[in-house]
Amino acid sequence: PLIHSWDFWHDRQERLSSSSGADGESQYEDRLESLAEISDVKEFWSVFNNFDISKLKLRDSIHLFHKGVKPIWEDPRNARGGSWTFRIATEKAPEFWKEVCMMAIGEQLQAAVEDPTRQTFRDDICGISLSVRTKAMLVQVWNRDGDHQKGIEEVRNTVMEGLSEELRPQDDRLVYYKKHSEHNGF
């Protein structure tokens, strides 16, 4: 069994919204499809091994989030947080994604932010995402507290140290943190 239960989500750009805005654009949340809930290692591998990320289309995303947390900025658990973004070459993305997934379900990411002196947001990691872009893929690690600077830095350090050496981004411009509230669409 895993310490936390997790949900796999798929955001498919082509999925039409039943509640479109006045400009005809679909609401992001309406494009999300819950794929599976996992609570043990066997369930994780059953979903992970049967979802080929190379088949994702441009702007599609796959998410692995704590059970009950939606991969949207507005979710109450995400609203005050942010995410680390790692821009990864498409050919390295499947292995990078797998290693970050293992860090998430293995609680390495959560361990990076634990601080016994903090009374709020002790379960700071919300989830991880992989998104297809034109010349790369983005892997994000979402956290709950965008003001916990020490924890934010420790998440980055944990990911970088936990990755296989050949997967570590060599250019600091390919790795950045941003609070959700700093996005134009927030």
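Now for a look at the structure at hand. These figures come from a predicted structure and were not determined experimentally.

**Section: the layout of surface pockets**
In this model, the largest pocket occupies a volume close to 690 Å³. Forming the walls of the largest pocket are 24 residues, and the residues nearest its centre are Tyr 28, Arg 31, Arg 59, Trp 73 and Arg 133. Every element with two or more residues in the lining of the largest pocket is listed here: β3 (61–66), β4 (82–88), β6 (137–143) and β7 (175–179). The greatest single-element share of the lining of the largest pocket, amounting to three residues, is contributed by β6. Of the residues contributing to the lining of the largest pocket, the split by class is seven nonpolar, ten polar and seven charged.

**Quick look at the environment of His 183**
One can find His 183 in the segment after β7. Overall, His 183 belongs to the partly exposed group, its relative accessible area being 23%. Spatially, the C-alpha atoms of His 183 and Glu 33 are 23 Å apart, while their sequence positions differ by 150 residues. In contact with His 183, other than residues within four places in its own chain, are Trp 73 and Lys 178.

**Concerning helix α4 (residues 149–162)**
Between its terminal C-alpha atoms α4 stretches 20 Å, which fits the 20 Å expected from 14 residues at 1.5 Å a residue. For α4, the complete set of buried residues consists of Gly 151, Ile 152, Val 155, Arg 156, Thr 158, Val 159 and Met 160. Its buried side turned inward, α4 meets β4, α2 (93–105), α3 (108–113), β5 (125–132), β6 and β7.

**Regarding the packing of helix α1 (residues 41–48) against α2**
Between α1 and α2, the shortest axis-to-axis distance is 12 Å and the interhelical angle comes to 160°. Judged by the angle between their axes, α1 and α2 are roughly antiparallel. You can see that α1 and α2 cross each other, and the crossing is right-handed. On α2, the residues that touch Phe 44, Trp 45 and Phe 48 of α1 are Trp 97, Lys 98, Cys 101, Met 102 and Ile 105. Grouping the amino acids of the contact of α1 with α2 by side-chain chemistry returns seven nonpolar, no polar and one charged.

Cut-off values and rules
Residues numbered from 1 in each chain as written. Predicted model: local features only at pLDDT ≥ 70, side-chain atom pairs only at ≥ 80, totals over all residues. Heavy atoms only, no water. 1 Å grid on protein atoms, 1.4 Å probe; cavity = no way out; pocket = protein on both sides within 12 Å on 5 of 7 lines; lining within 4 Å. Points joined across faces, edges and corners; volume = space filled by probe spheres on them. Helix = DSSP H or I, 4+ residues; strand = E, 2+ residues; numbered from the N terminus. Nonpolar A, V, L, I, M, F, W, Y, C, P; charged D, E, K, R; others polar. Buried < 20%, exposed > 50% of the residue type's maximum accessible area, 1.4 Å probe, protein only. Contact = heavy atoms within 4.5 Å. Expected span 1.5 Å × (residues − 1). Axes fitted to C-alpha atoms, helices over the stretch in contact; angles between N-to-C directions. Parallel < 35°, antiparallel > 145°, perpendicular 65-115°, else oblique. Left-handed = near helix turned anticlockwise from the far one by under 90°.

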